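# Geometric and topological summary
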Amino acid sequence: MSKNQNIIYRRILLKISGEIFKGENEFGINISSLQKIASEIISIVNLGIQVGLVIGSGNLFRGTHLYELGLNRVVSDHIGILSTIINSLAMKDIISSDSCIKTCLMSAVPLNGICETYNHERAMHLLSKNVILIFAAGTGNPFFTTDSAACLRGIETKSDIILKGTKVNGIYSADPKKNSGAILYKTLTYKDVIEKELKVMDLSAFTLARDHLLPIRVFNINNTGSLYRIIMGYNEGTMITA
Ligand code: UDP
């Protein structure tokens, strides 16, 4: 495995929004989108980077949406949680098709016969062996999001940074689709995000990262090579620190 002196992170927690998984489709899983993301991840694992992965489920079901449609909120979130497991299983399968890469899927809720249950000690051990760890089922509790799970697992695994892979290039001063004058911030502090009320992630996830001084970078994971460039120290997307 080749090491490069320009690599600036040792261990990362990559959060991927479910929206990325549907590609051009309205709903569900687009296999070519998954293959593209998998090759981006494999490119950095081959550099020796340890990768933890948390995947959302906006391409399938989100609890808040089902609740609005009339389902009980807790049941709605359980459906969201199960949807993150579906995405994680698909991602694991795609990454595992590269026989040189080892992966492990750990769910916050037990799913005997399908995947392992989250275990901190084992997760740390596998990460140190360069196994890609996919943390599924969010925090395992309703009323949370996968952003909270990403921050939680990022802190637990002593990751250097949360990389939030989205469909947009970073954090803007306004919605760039509605406001042509919107500017893309290159750097922000945690305080800036709170004061400007910028939408980075939900507040409980964000304050968890802030309280543990875990840097967050929001970037467009659909830009080919973006993950690699970030690992090599390029200022791509928006960086949030103290
Ligand atoms: N969810 C939950 N608890 C968690 C993580 C996720 O209840 O700890 C549910 C929640 O319903 C959420 C859905 O799973 O809407 C999918 O997660 P998220 O909305 O974060 O997905 P993303 O927007 O990143 O695709």
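Residues numbered from 1 in each chain as written. Predicted model: local features only at pLDDT ≥ 70, side-chain atom pairs only at ≥ 80, totals over all residues. Heavy atoms only, no water.

Let us now look at the side chain of T146. Its location among the elements puts T146 in helix α5 (residues 146–156). Of the residues examined, T146 reaches a relative accessible area of 12% and is grouped as buried. A distance of 3.3 Å separates polar atoms of two side chains, one belonging to T146 and the other to K15. With near-sequence residues (within four places) excluded, T146 lies in contact with K15, V54, I55, G56, T84 and G138. (Helix = DSSP H or I, 4+ residues; strand = E, 2+ residues; numbered from the N terminus. Buried < 20%, exposed > 50% of the residue type's maximum accessible area, 1.4 Å probe, protein only. Polar contact = N/O pair within 3.5 Å; in protein donor to acceptor, adjacent residues only side chain to side chain. Contact = heavy atoms within 4.5 Å.)

Attention now moves to the packing of aromatic side chains. Taken as a whole and judged by the stated rule, the model has three aromatic pairs. Across from the ring centre of Y118, 3.6 Å away, lies the NZ or CZ of R153, which sits over that ring. (Phe/Tyr/Trp six-rings, centres within 6.5 Å; stacked < 30°, edge-to-face > 60°. Lys NZ or Arg CZ within 6 Å of the ring centre and 35° of its normal.)

Considering the arrangement of structural elements, one finds T84 in helix α3 (residues 73–96). C-alpha of T84 to C-alpha of G138: the two residues are 54 residues apart in sequence and 7.2 Å apart in space. Those residues in contact with T84 that lie beyond four places of it in its chain are I55, G56, S57, A136, A137, G138 and T146. Separated by 3.0 Å, the side chain of T84 and the backbone nitrogen of A137 make a polar contact.

Taken together, the side chains of V74, F143 and F144 make up a nonpolar region of the molecular surface, amounting to roughly 280 Å² of accessible area. By secondary structure assignment, the location of F143 is in the loop between β5 (132–136) and α5. Residue F143 is classed as exposed on the basis of its relative accessible area, which comes to 52%. (Patch = residues over 30% accessible without salt bridge, like charges linked within 9 Å, V, L, I, M, F, W, Y side chains within 5 Å. Areas by Shrake-Rupley, 256 points an atom, 1.4 Å probe, with all protein chains shown as cover. Salt bridge = Lys/Arg side-chain N within 4 Å of Asp/Glu carboxyl O.)

Let's shift gears to the side chain of T238. When you line up the elements, T238 lands in strand β9 (residues 238–241). Residue classification places T238 among the buried positions, given a relative accessible area of 0%. A distance of 2.6 Å separates a polar side-chain atom of T238 from the backbone oxygen of Y185. Setting aside residues no more than four positions away along its own chain, T238 makes contact with N169, G170, I171, L184, Y185, K186, L188, I216, R217 and V218.

As a further point, take the UniProt feature "domain: Aspartate/glutamate/uridylate kinase" (unreviewed entry) in the protein chain. Following the UniProt record, the feature "domain: Aspartate/glutamate/uridylate kinase" (unreviewed entry) maps to residues 11–220 here. Helix makes up 38% of residues 11–220 and strand 18%, whereas the separation of the span's terminal C-alpha atoms amounts to 20 Å. (UniProt positions renumbered as here; feature names shortened; annotations may be inferred.)

Moving on to the UniProt feature "binding site: UMP" (unreviewed entry) in the protein chain. Following the UniProt record, the feature "binding site: UMP" (unreviewed entry) maps to D77, T139, G140, N141, P142, F143, F144, T145 and T146 here. For this annotated set, covering 70 residues, all C-alpha atoms fall within 11.1 Å of each other, a compact arrangement in space. Position of T139 among the secondary structure elements: in the loop between β5 and α5. Here T139 falls in the buried class, since its relative accessible area comes to 18%. Ignoring any residue separated from it by four or fewer positions in sequence, one finds F143 in contact with R73, V74 and D77.

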